[in-house]
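# Residue-level structural notes
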Amino acid sequence: MAASPIAVITGASSGIGAATARQLAASGYRVVLTARRKDRIEALAAEITEAGHQATAYALDVTDRAAVDEFATAFRSLAVLVNNAGGALGADPVATGDPQDWRQMYETNVIGTLHVTQALLPALTASGDGTVVILSSTAGLSTYEGGGGYVAAKHGEHVLAETLRLEIVGTPVRVIEIAPGMVKTEEFATTRFRGDTEKAAKVYAGVEAPLTAEDVADTINWAVTRPSHVNIDLLVVRPRAQASNSKVHRTG
């Protein structure tokens, strides 16, 4: 019996990363869950295993290149890499934004994605049928007020995906970019506003049915499981209530 293909998911401790791990595991992948919070990914790996699928947990900070390189030594061959680790900090205008917030967002969203992709690209190529998924954002395609730092980081991640696709065309590796719009998860907005749940709630106030982590995970799972010759270069997914980053229908 052939071994199950392996999928690595970064930022798998919650939200989109955790939901993606569940869906890829159900699709037959042996999922490797990485995140800084070891207890969360170990609990998720146990949940997935109890459901009859294959999962292992590996505590990893994607901004630590030495740790990423050590992690990569475990793989001779790899089917899928989902670069999900990232996030937003603050919503200040450019004039007063905290440079440390900008630096941290760039390090996690862009440099972290670069670290993991570089380290695992040989194993993805060796598989003969590898897929790199980069989870960017509609923030990587257009700007909005108060989002300068996050928008800049996600633009960087978008360009990383586009450039990598150009550079490795002809190799057996696809590069897929998924760019979600408004997604309501348990942590994204709360983390952005440093635990201020009132500010976090206002982001989604009056919005009928924002996307869920499961919606985005379903999109990732669909893109990854297309036939090998089919590459979903860029897929933008928004809730029906959101027409753009600055145009959202709110009730009440």
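See the structure printed just above.
First, a word on what this report is: a plain description of the structure on this page. Not measured: the values here are computed from a predicted model.

Calculation notes
- Residues numbered from 1 in each chain as written.
- Predicted model: local features only at pLDDT ≥ 70, side-chain atom pairs only at ≥ 80, totals over all residues.
- Heavy atoms only, no water.
- Pairing = 2+ DSSP bridges.
- Helix = DSSP H or I, 4+ residues; strand = E, 2+ residues; numbered from the N terminus.
- Axes fitted to C-alpha atoms, helices over the stretch in contact; angles between N-to-C directions.
- Contact = heavy atoms within 4.5 Å.
- Salt bridge = Lys/Arg side-chain N within 4 Å of Asp/Glu carboxyl O.
- Buried < 20%, exposed > 50% of the residue type's maximum accessible area, 1.4 Å probe, protein only.
- Phe/Tyr/Trp six-rings, centres within 6.5 Å; stacked < 30°, edge-to-face > 60°.
- Patch = residues over 30% accessible without salt bridge, like charges linked within 9 Å, V, L, I, M, F, W, Y side chains within 5 Å.
- Areas by Shrake-Rupley, 256 points an atom, 1.4 Å probe, with all protein chains shown as cover.

### Concerning the sheet that holds strand 2 (residues 30-35)
Sheet architecture is open: seven strands sit in the order 3-2-1-4-5-6-7, paired in parallel fashion. Each end of this open sheet is capped by a strand with a single partner; those strands are strand 3 (54-59) and strand 7 (234-237). Shown here is a sheet whose adjacent strand axes are inclined to one another by a mean of 15°, direction ignored. In this structure, strand 4 (residues 80-83) lies alongside strand 5 (residues 130-135), joined through four bridges in parallel fashion. Note that in strand 5 the partner of Val80 across the bridge is Thr131. Strands in contact with helix 1 (residues 15-26) are strand 1 (6-9), strand 2, strand 4 and strand 5; relative to strand 1, the strand with the most contacts, it is inclined by about 170°.

### Things to note about the pattern of salt bridges
For the structure on display, the rule yields six salt bridges. Of the charged contacts, one joins Asp69 and Arg65 as a salt bridge, the two residues approaching to 2.9 Å between their closest N and O atoms. Here Asp69 and its partner Arg65 are both found in helix 3 (residues 65-72), four residues apart, which amounts to about one turn of the helix. A salt bridge links Lys154 to Glu157; the nearest nitrogen and oxygen atoms lie 2.7 Å apart. Residue Lys154 and its partner Glu157 are both found in helix 5 (residues 148-168); the two are separated by three residues, about one turn of the helix. Residues Lys154 and Glu157 agree in their burial class; the two are buried.

### Examining the packing of aromatic side chains
Under the counting rule described, the total for this entry stands at three aromatic pairs. Ring centres of Tyr58 and Phe71 lie 4.7 Å apart, and the angle between their planes is 55°; on these two criteria the pair is classed as tilted. Separated by 13 residues along the polypeptide, Tyr58 in strand 3 and Phe71 in helix 3 bring together distant segments of the chain. On the accessibility criterion, Tyr58 (32% relative accessible area) is partly exposed. Owing to a relative accessible area of 2%, Phe71 belongs among the buried residues under this scheme.

### Structural notes on a nonpolar patch on the surface
Nonpolar side chains collect at one region of the surface, where Leu141, Leu234 and Val236 lie side by side and expose about 210 Å² of accessible area between them. Along the chain, the position of Leu234 falls in strand 7.

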